[in-house]
There are 4 protein chains.
Amino acid sequence: MAEVRIAILGTGFIADFRIQAYNKIPGVSVVALMGRTRERAEEFARRHGLAAVTSWDELLRGPAFDAVDICLPNGLHREHALTAARHGKHIICAKPLATTAAEAREMLDAAERAGVVHCYGENWYFAPDFREILDLVRRGTVGRPLWMRGREGHFGPHTPWFFDKRLAGGGSLLDMGCHVIALFNELAGGAGAEDVLCHTATLHHDTDCEDNALAIIRYRGGLVGHVEASWTSRGGMQAVVEIWGDEGMITYDRSQLSQPIKVFANRRTDRYFAEKAESDRGWLFPVVEEFWRYGYYDELHHFAECIKTGTAPRATFREGLAVNEIIDAAYASSAAGRWAPVQRA
Amino acid sequence: MAEVRIAILGTGFIADFRIQAYNKIPGVSVVALMGRTRERAEEFARRHGLAAVTSWDELLRGPAFDAVDICLPNGLHREHALTAARHGKHIICAKPLATTAAEAREMLDAAERAGVVHCYGENWYFAPDFREILDLVRRGTVGRPLWMRGREGHFGPHTPWFFDKRLAGGGSLLDMGCHVIALFNELAGGAGAEDVLCHTATLHHDTDCEDNALAIIRYRGGLVGHVEASWTSRGGMQAVVEIWGDEGMITYDRSQLSQPIKVFANRRTDRYFAEKAESDRGWLFPVVEEFWRYGYYDELHHFAECIKTGTAPRATFREGLAVNEIIDAAYASSAAGRWAPVQRA
Amino acid sequence: MAEVRIAILGTGFIADFRIQAYNKIPGVSVVALMGRTRERAEEFARRHGLAAVTSWDELLRGPAFDAVDICLPNGLHREHALTAARHGKHIICAKPLATTAAEAREMLDAAERAGVVHCYGENWYFAPDFREILDLVRRGTVGRPLWMRGREGHFGPHTPWFFDKRLAGGGSLLDMGCHVIALFNELAGGAGAEDVLCHTATLHHDTDCEDNALAIIRYRGGLVGHVEASWTSRGGMQAVVEIWGDEGMITYDRSQLSQPIKVFANRRTDRYFAEKAESDRGWLFPVVEEFWRYGYYDELHHFAECIKTGTAPRATFREGLAVNEIIDAAYASSAAGRWAPVQRA
Amino acid sequence: MAEVRIAILGTGFIADFRIQAYNKIPGVSVVALMGRTRERAEEFARRHGLAAVTSWDELLRGPAFDAVDICLPNGLHREHALTAARHGKHIICAKPLATTAAEAREMLDAAERAGVVHCYGENWYFAPDFREILDLVRRGTVGRPLWMRGREGHFGPHTPWFFDKRLAGGGSLLDMGCHVIALFNELAGGAGAEDVLCHTATLHHDTDCEDNALAIIRYRGGLVGHVEASWTSRGGMQAVVEIWGDEGMITYDRSQLSQPIKVFANRRTDRYFAEKAESDRGWLFPVVEEFWRYGYYDELHHFAECIKTGTAPRATFREGLAVNEIIDAAYASSAAGRWAPVQRA
């Protein structure tokens, strides 16, 4: 295959991010854009020099494409993945794979039946820092892992659908906790999650989703991981992972204050510093090449390679499903106020 | 009162720490030492130029004293506090106040009946860093607090009784979580804790106590706090507090890597760097004047002032009781695998 | 001597700081205040519940005192120290001791002739962090020291006299470099400074003093130290010391970002955070108990003890003179554009 | 041009680094390797699956190539660059360009005469962090720059020729200071360096080169930069840049302790953590994807693009010459003990 032709489904923040990435990858081109509303799709498409469509009918009448990249609200993933599979298109789907494990299972089954390449679009798998952490753990540098902690926080998404449970499927746990859980599953090295104890709360935002969650996951063999996911975390994006083993520990922080470049600006600046930055003067912390550091480049590069070579991605819908199973258990635990088993969908 | 005369009960690490502190406080003197075994008591007393006793009978036949400082295993606090109260002695008792709220209630009642000054020996109340954090929150610098996190961790105590539930009463949650809970109670500003969801686990050490705990506490009004307490935390003492409010956040870390002095030693060094330091070469992080920074000086100074002036300490057994009530609920939650209400003893 | 009675000379920032410190030291009282102008002296004295004077005549007619604490502009240190010595008063003089080594020598000789206790008011000698660093070096933790670096910077003093060479005697090097040089002299362990290569520049402020300086000092035996002193250092107080030895290194930073408490405030706050803080929202870094951490308490406590016991302070005018000798050489080097020898005054 | 064919001259640490980079760049291949000694060249070539040569004669008889990448000792750069130009080969030359400005000028003239693409192999120009810092300064985020500081330090090179002035041309200033000076020249935005005040010293290593240097550079218009370059800097690679402007400051640190991943290993580990790491247990700090972060990938990618498109690299021998001119002045200053003018070669 000379070139992998991608259709992007979605016109939000993440779609924009990914078009930038695709444009840097040799042998890949974005050939189509599908939005949910005509106006927004056209504005977005114009910005990227593409034509906009708003339905699969239109999409299929347009230029040929090999794969879709689903960047739509969580609650729409299933429907579009099933359609894509039906048309024999390869699929990468932004995290979380679905709003429930049942949906994720349908998506996985459909993709497998269709024989298309299916990739779970979880950038943490591909971020260089996390690959390094996985390598450290696998080599035994910190001994046998006993307890893991992962936190992602910021002050809430910019896009309204995140706060609408019908479209989002869940709040901060589904949105951000899914990153941490995916990493935990890797670190657990194949041991499955057994049960979850979780508390979710809506402390500040006007939403039917939780804006804070803390979940404790027990893995087979005794390893414990706890996830903190917050939409009320002031001071910019916070991302922290800590792993305690019986012979050492790893601590990782890519929050603002941990960036190697630190800037003090006496006057207001309107320069971009980082995703979810909350201040524009005083101490500011640029995140350099976010899209490389966060793993987007390597993720999409890998997806394109898998399509070219017909191999299974490092992270398929199966990995996405495993994350949804844990999140289902977490929500069940939170509702019941007690431990809930992780059930295979 | 010209001078406050103290009898120390206990001969462990903390007793040693406190004698050093008393020696620097004007108008205070340590006049007696009581240990659990003759040999150890005498060795310890000799080191400090004092006479050793091993029973209250002996103690009361010795030099007159005004107050006892209880530095014994948690499970012996109650018995010695009751005896001290009966003899009209003022009391400061090392944290946690007791192994259960029922014990703590007995101690409080006895002290109140006896009319003695009773101080909860929780150094975090007095540590300058925590006083600053309390002041920041009270002034509204971060808006309304929504969620708090506190962690204390190291790789386990040096003294055997900590691992014996009969003497210790509990594991890392009782031993270290009590610090965090005391601070949370202050930060909650009078709002009581309502219920607790907790998971405890014994992941590494040979003990009938937990070596890891994570507890989520809900306060009246909606504030949430979560406590991490670990005896399997490699890399030296870890103490972290984070407070997220609707208009800001506070993060505090006094773990090794956050010390302002950082030392690289190419060769092994036998110099003392800090309590619970685990390495002796490479990167090392001295904690300067631990005993001041951790609040011991101010705590004992305050206790002595209260005795002189007959006023109630900033932290009495009542505050210690409130901590034990939460820990009781945490252990109940962990046993039941679900939320447990905080019950007033 | 039951109580040490202090007369403060000066009504600026540092005088205020020191009155706060004296008030906490048992056995010391501030009994008099002398200012340069009636109005300011009275305003300042009223704030502290004292009477104000503006001349030595008035001062000597007032309540009896044992010692003066000179907190006046650098260019007035000599005159007041000589007067104090003539009247048999003990003296502590704020850093730098004088504007030149010749002046410092006069002050030292006068104090010695008068037989009074004379203390060089350099708080870095007494700051716990620096005592720890000295201890590390002396114990050989980093091997033989080869090169030292010290930096102090902020965006310039708040008081006008600092920018007037007639009163200040020099700029950032004299004002802030003197701290670093005092520490270097201690670290050099008795080896004298031999020569200095220095560049000074006035890059921003409207002053006949330098607002930036970099000086390289060679000590007997080969140890090198370089000093950076800047009044154009945005982002709050910066204080850094690094020592490289043949078997290790020490790095110390007490600048804003290195504080253990870090605060993000979404809204403007008018709370005090630290000396020379330059921002009031976004990321803010409180310095806890500055006056203890910076060594003021220990310095003044030590001075009072020396007066009571008639012993020589840890740092006398002799240490201040040694600093002035190096600064004289630095200014000579900067003027000549080449190395200048350190000459004994 | 379908593919850029590279001959690597040199078989040291940096040659190895660059082969790894070339292997990841599409459209580039390494086709030949030239070493200084037969044995080492063959061992090195075998490792990379290539044939080894030890002379230009041999090299020219081998497979055709378009460009050379000079990774030889500094003192051999000139000779090989002249030969390459004579044969019409494009050239990238590792930093520093030459041992003196006179040599650098010869190289520049030869390359220009030959009409080949010539690139100054200074990775700092291409490192993402430094591109970000340049962007911040150019946009005025910190106002007008007044003073810059740059430090690079480690405990000395691993390869013997660095310590032999005949081959190396100079010590830590030439080896490491050249990085900082290149960045300063960019930050000065076209204003030339006017004069230099420098002190060099050999404090520890057995070498006729300096193992420590501090140089102050004055740029036209008043901007000052000071460079610290040390081979006696324990604790692993230290790289720090600070820029103070009249409206803000930037501080950058990519030393060990500033890495986002921090590892505590209780036992010795033999895993690779970073270039020049000095410890193998306790606190360890992996540098993730050094070769990307340090700019090597972007540098060599850019060089290949310039060859393909026939455009001048972002950094040519002209930029390398400007650095050598400043270093010449620095050595002259150090020898004379006074300011030395920067002379155009």
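The structure this text deals with has already been given above.
A few points on the structure. Within each chain, residue numbers correspond to sequence positions counted from 1 in written order. Throughout, the order in which chains and ligands are written sets their labels, letters from A for the former and numbers from 1 for the latter. Thresholds applied to this predicted model are a pLDDT of at least 70 for local features of residues and 80 or more for the giving and counting of side-chain atom pairs; totals over whole chains, interfaces and linings are not thresholded and use all residues. Hydrogens are left out, water is left out, and the side-chain values use all remaining heavy atoms of the structure.

With respect to unusual backbone geometry
Cis rather than trans, the peptide bond between K95(A) and P96(A) has omega equal to -20°. Each helix is a run of DSSP H or I of at least 4 residues and each strand a run of E of at least 2, with the numbering of both proceeding from the N terminus. Along the chain, P96(A) turns up in the loop between β5 (90-94) and α5 (101-114). Positive phi, normally seen in glycine, also occurs at K276(B), with a value near 70°. Within the element layout of this structure, K276(B) appears in the loop between β13 (261-265) and β14 (282-284). Here E289(B), not a glycine, exhibits a phi torsion of approximately 50°, which is positive. On the secondary structure map, E289(B) appears in the loop between β14 and α9 (290-293).

Brief notes about the interface of chain D and chain A
Every contact between the two is made by 36 residues of chain D and, on the other side, 36 residues of chain A. By buried area we mean the combined loss of accessible area, with a 1.4 Å probe, across both parts when two parts are placed together. When the two sides are added together, the surface that chain D and chain A hide from each other amounts to roughly 3100 Å², 57% of it contributed by carbon and sulfur. It is E247(D), P260(D) and R271(D) that lose the most area in chain D upon contact with chain A, and together they represent 20% of the buried surface on that side. Each reported salt bridge corresponds to a side-chain nitrogen of Lys or Arg within 4 Å of a carboxyl oxygen of Asp or Glu. In this assembly, chain D and chain A are joined by 6 salt bridges. The term polar contact refers here to a pair of N or O atoms within 3.5 Å; inside protein, the definition further demands a hydrogen-donor-capable atom paired with an acceptor-capable atom, and it admits residues adjacent in sequence only when both atoms are side-chain atoms. Linking chain D with chain A are 16 residue pairs in polar contact (both at pLDDT 80 or more). Among the elements of the structure, α6 (128-138), β12 (248-253), β13 (261-265) and α9 (290-293) of chain D are those that each provide at least two residues to the side of chain D that touches chain A. Considering each element in turn, the side of chain D that touches chain A owes the most residues, 7 residues, to α6(D). Throughout, the ten residues Ala, Val, Leu, Ile, Met, Phe, Trp, Tyr, Cys and Pro are labelled nonpolar, Asp, Glu, Lys and Arg are labelled charged, and all others, Gly among them, are labelled polar. A breakdown of the residues in the side of chain D that touches chain A according to their chemical character gives 17 nonpolar, 7 polar and 12 charged. Throughout, a residue-residue contact means that at least one pair of heavy atoms, one from each residue, lies within 4.5 Å.

Observations concerning the sheet that holds strand β3 (residues 52-53) of chain A
Residues and elements named next belong to chain A. Reading across from one edge, β3-β2-β1-β4-β5-β6 is the order of the 6 strands in this open sheet, with parallel pairing throughout. Both edges of this open sheet fall to β3 and β6 (118-121), since each of them pairs with a single strand only. Relative to strand β1 (residues 4-9), helix α1 (residues 13-24) is tilted by about 165°, and along the sheet it contacts β1, β2 (28-34), β4 (67-70), β5 and β6. For two strands to be treated as a pair, DSSP must find at least two bridges joining them. Axis lines are fitted through C-alpha atoms, for helices just across the contact stretch, and the angle between N-to-C directions can take any value from 0 to 180 degrees.

Quick notes on the state of the cysteines
Cysteine sulfur atoms are paired as a disulfide whenever they fall within 2.5 Å. Scanning all chains against the criterion turns up 0 disulfides over all chains. Between C209(B), a cysteine without a disulfide, and C178(B), which holds the nearest cysteine sulfur, the sulfur-to-sulfur distance is 13 Å. You can see C306(D) has no disulfide; the closest cysteine sulfur is in C119(D), sitting 6.7 Å from it.

A word on the packing of aromatic side chains
Between 30 and 60 degrees the pair is tilted, below 30 it is stacked and above 60 it is edge-to-face, where a pair is any two Phe, Tyr or Trp rings, Trp via its six-membered ring, whose centres lie within 6.5 Å. On inspection of all chains with the given rule, the structure shows 42 aromatic pairs over all chains. Between Y120(A) and Y125(A), the ring centres sit 6.3 Å apart and the planes meet at 70°, which makes this aromatic pair edge-to-face. For the pair formed by Y120(A) and Y125(A), the shared burial category is buried. Judged by centre distance (4.9 Å) and plane angle (35°), the ring pair of F17(C) and Y296(C) falls under tilted. Of this pair, F17(C) sits in helix α1 (residues 13-24) while Y296(C) sits in helix α10 (residues 296-309), placing them 279 residues apart in sequence. One aromatic cluster is present, built from ring pairs that chain together F13(A), F17(A) and Y296(A). Any Lys NZ or Arg CZ that is within 6 Å of a ring centre and within 35 degrees of that ring's normal is treated as a charge sitting over the ring. Its guanidinium or amino end placed over the ring of W244(C), R151(D) lies 3.7 Å from that ring's centre, counting from NZ or CZ. Accessibility here uses a 1.4 Å probe with only protein chains present; expressed as a share of the type maximum, an area under 20% marks a residue as buried, one over 50% as exposed, and anything in between as partly exposed.

Quick word on the relation of the copies chain D and chain A
When chain D is fitted to chain A, the best match, at an RMSD of 0.0 Å, comes from turning it 180° and sliding it 0.0 Å along the axis. Taken together, the rotation and translation relating the two chain copies correspond to the operation of a two-fold axis. It is S258(D) whose C-alpha, among those of chain D, lies nearest the rotation axis, at 3.8 Å. Most of the interface of chain D is mirrored in chain A, where 100% of its interface residues are also at the interface. The copies are overlaid by a least-squares fit using only the C-alpha atoms of residues whose pLDDT is at least 70 in both copies.

A short note on the sheet that holds strand β12 (residues 248-253) of chain B
On the basis of which strands lie adjacent, the open sheet formed by 9 strands has the order β15(B)-β8(B)-β9(B)-β10(B)-β7(B)-β11(B)-β12(B)-β13(C)-β14(C) and mixed pairing. The open sheet has two edge strands with one neighbour each: β15 (340-341) of chain B together with β14 (282-284) of chain C. Direction of pairing for strand β13 (residues 261-265) of chain C relative to β14(C): antiparallel, over a ladder of 3 bridges. Counted as the bridge partner of F264(C) is W283(C) from β14(C). The strands touched by helix α6 (residues 128-138) of chain B within the sheet are β7 (145-153), β11 (238-245) and β12 of chain B together with β13 of chain C, with β12(B) carrying the most contacts at an inclination of about 175°. Relative to the sheet, helix α8 (residues 172-187) of chain B contacts β7, β8 (193-201), β9 (212-219), β10 (224-230) and β11 of chain B, its axis offset from that of β10(B) by approximately 155°.

That's the geometry; what it means functionally is another story.
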